[in-house]
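# Reading the structure
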Amino acid sequence: MPNTTSSTLYVVGNINVDLIMGTLSDWPQRGTEVMLQHSELRPGGSAGNCALALEAMQVPHRAIANQGDDGFSHWLASHFPHSAAHWPRYRCETSLTVGVTHPDNERSFISNFGHITQMTAADVLNQLPAQAVPGDIVLLCGTFLCLELYQAYPALLAALQQRGFAVAVDTGWPPTGWHDELRQQVHRWLADCDWLLLNEVETLGLANGASVEQSAVQLAARLSGRGGCVVKSGADGARLWSATGTLHVAAQPVTVVDTIGAGDSFNAGFLAALLYRQPTQTALRWGIDVASLAISSSPRRYPGWQQLQLSHEVR
């Protein structure tokens, strides 16, 4: 019989508009114009992608964000009807990212600043319960894009722990690149972080280690000890380093259609499994299964949490 949960996953961070265009083989010469065969306007951002996956999976969640006040604001909020009524409004333009896909399935992003840079710790804490229900999780996304919020990360994470939330962070890649001062800033709040969800390049960049394994071990040692460092490795699956050891779950081959938001879809599956009290190896499998279906489908599809749970009981 599938388990249910009374806990909630709160997704905090960069919910913005994505304009996806492709496929671009070579960047055009300055002053010229090219025509691309595909374009799609959709809600996006790391937090947005994760929240949309959770909605499709029917996982109890809330999207914690803010909003601008231009023509995109109402359209973006309409995709998060259970959450957007609580979003504070700022007198600024909506954050927008143009994603350009390439023939090798890689992509490039160009973003403005917009509303996500103005979200504050008070905006976040005011949208969260004063006391967590056991099992509640807060996922912080788009760390270095939410400029105002990032400055308050040490106090914010401490407040989340005090309220009883488990805390997960997907930092993403800093637009300025990794450097020692930034690493030291992150290290100061990692002890209040339970789960760190990174890809291989982010893991190497944050730890500045010689290998992914060495870097993940170093980062896991800096965390609270209640979770671990998860490294998303694309076609190679995902790995977890924690106080109890190392786990690896492989991914099955899929035909890739759209890789944008793959890591965010993984986050949704992984944390959903924890919300439903699944073991960490199952959580890695859920993350991989959700991401695999997302990147291999168009329109994008996600498995339901009951489907995931039943499929792994069969296994």
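Rules and cut-offs
Residues numbered from 1 in each chain as written. Predicted model: local features only at pLDDT ≥ 70, side-chain atom pairs only at ≥ 80, totals over all residues. Heavy atoms only, no water. Core = buried A, V, L, I, M, F, W, Y, C linked by side-chain atoms within 4.5 Å. Buried < 20%, exposed > 50% of the residue type's maximum accessible area, 1.4 Å probe, protein only. Helix = DSSP H or I, 4+ residues; strand = E, 2+ residues; numbered from the N terminus. Contact = heavy atoms within 4.5 Å. UniProt positions renumbered as here; feature names shortened; annotations may be inferred. Pairing = 2+ DSSP bridges. Axes fitted to C-alpha atoms, helices over the stretch in contact; angles between N-to-C directions. Right-handed = clockwise from strand over helix to strand, strands pointing away. Left-handed = near helix turned anticlockwise from the far one by under 90°. Nonpolar A, V, L, I, M, F, W, Y, C, P; charged D, E, K, R; others polar. Disulfide = S-S within 2.5 Å. Salt bridge = Lys/Arg side-chain N within 4 Å of Asp/Glu carboxyl O. Phe/Tyr/Trp six-rings, centres within 6.5 Å; stacked < 30°, edge-to-face > 60°.

### Looking at the nonpolar core
The tendency in soluble globular proteins is for nonpolar side chains to be buried as a group. Grouped together as the largest cluster of nonpolar side chains are 48 residues, with contacts concentrated most on Leu 139, Phe 270 and Leu 271. With eight residues, helix 9 (residues 262-275) is the single largest residue contributor to this core. In contact with Leu 139, other than residues within four places in its own chain, are Leu 9, Tyr 10, Val 11, Val 12, Cys 50, Ala 168, Val 169, Asp 170, Leu 197, Asn 267 and Leu 271. Leu 128, Leu 198, Ala 216 and Ala 220 belong to the second-largest nonpolar core, a separate cluster that totals 42 residues.

### Some words on the UniProt feature "domain: Carbohydrate kinase PfkB" (unreviewed entry) in the chain
As recorded in UniProt, the sites labelled "domain: Carbohydrate kinase PfkB" (unreviewed entry) are residues 9-298. Secondary structure within residues 9-298 divides into 33% helix and 22% strand; the distance between the first and last C-alpha atoms comes to 26 Å.

### Some details on the sheet that holds strand 6 (residues 107-111)
With mixed pairing, four strands are arranged side by side in an open sheet as 3-2-5-6. Strands at the two margins of the open sheet, each flanked by one partner only, are strand 3 (38-44) and strand 6. Between one strand axis and the next, the sheet turns by 20° as a mean value, whatever way the strands run. Two elements, strand 2 (residues 16-22) and strand 3, share seven bridges in a ladder whose sense is antiparallel. When the bridges of strand 3 are listed, Asn 16 appears paired with Gly 44.

### A closer look at the pairing of strand 8 (residues 166-170)
Burial analysis of strand 8 places four of its five residues in the buried class, which makes it a mostly covered element. In this sheet, strand 9 (residues 195-199) lies alongside strand 8 in parallel orientation, the contact comprising two bridges. Looking at the pairing, Ala 168 lines up with Trp 195 of strand 9. The parallel pair strand 8 and strand 9, bridged by helix 6 (residues 180-187), forms a crossover whose chirality is right-handed.

### Focus on the pairing of strand 6
Two strands pair when backbone bridges link them, and strand 5 (residues 96-101) and strand 6 are joined in this way by five bridges, in the antiparallel orientation. Paired with Gly 99 across the strands is Phe 109, a residue of strand 6. Counting the residues between successive antiparallel strands, the hairpin from strand 5 to strand 6 contains five residues, one of them, Asn 105, with a positive phi of roughly 75°.

### Quick notes on the packing of helix 9 against helix 10 (residues 280-295)
The relative placement of two packed helices comes down to the angle between their axes together with the axis-to-axis distance. Taken N-terminus to C-terminus, the directions of helix 9 and helix 10 make an angle of 145°; their axes are 7 Å apart at the nearest point. For the pair helix 9 and helix 10, the crossing hand works out as right-handed. Mapping the contact onto sequence places Ala 262, Ser 265, Phe 266, Gly 269, Phe 270, Ala 272, Ala 273 and Leu 274 in helix 9 and Thr 280, Ala 283, Leu 284, Trp 286, Gly 287, Ile 288, Val 290, Ala 291, Ala 294 and Ile 295 in helix 10. Split into classes, the residues belonging to the contact of helix 9 with helix 10 amount to 14 nonpolar, four polar and no charged.

### Remarks on the state of the cysteines
Inspection of the entire model under this criterion finds zero disulfides. Cysteine Cys 146 remains unbridged, with the sulfur of Cys 141 as its closest cysteine sulfur at 8.7 Å.

### Considering the pattern of salt bridges
All told, the structure shown has eight salt bridges when counted by the stated rule. Taking the shortest distance from any N to any O, the salt bridge between Asp 258 and Arg 42 comes out at 3.0 Å. Of the two residues, Asp 258 sits in the loop between strand 12 (245-249) and helix 9 while Arg 42 sits in strand 3, which places them 216 residues apart along the sequence. Judged on exposure class, the residue Asp 258 and its partner Arg 42 are both buried. Close ionic contact of Asp 180 with Arg 183 constitutes a salt bridge, the shortest N to O distance being 2.9 Å. Linking Asp 180 with Arg 183, this pair stays in helix 6, spanning three residues, or about one helical turn. A relative accessible area of 11% means that Arg 183 is categorised as buried.

### Quick notes on the packing of aromatic side chains
Scanning the model with the defined rule gives 11 aromatic pairs in all. Ring geometry for Tyr 10 against Phe 165: centres 5.8 Å apart, planes inclined by 85°, an arrangement best described as edge-to-face. Pair noted here: Tyr 10 is in strand 1 (residues 9-12) and Phe 165 is in the loop between helix 5 (153-162) and strand 8, with a separation of 155 residues, a long-range link. Of the two residues, Tyr 10 and Phe 165, neither departs from the other in class, the shared state being buried. Where Tyr 150 meets Tyr 153, the ring centres are 5.7 Å apart and the plane angle is 55°; that geometry is what we call tilted. Of the two residues examined, Tyr 150 and Tyr 153, each falls in the buried class.

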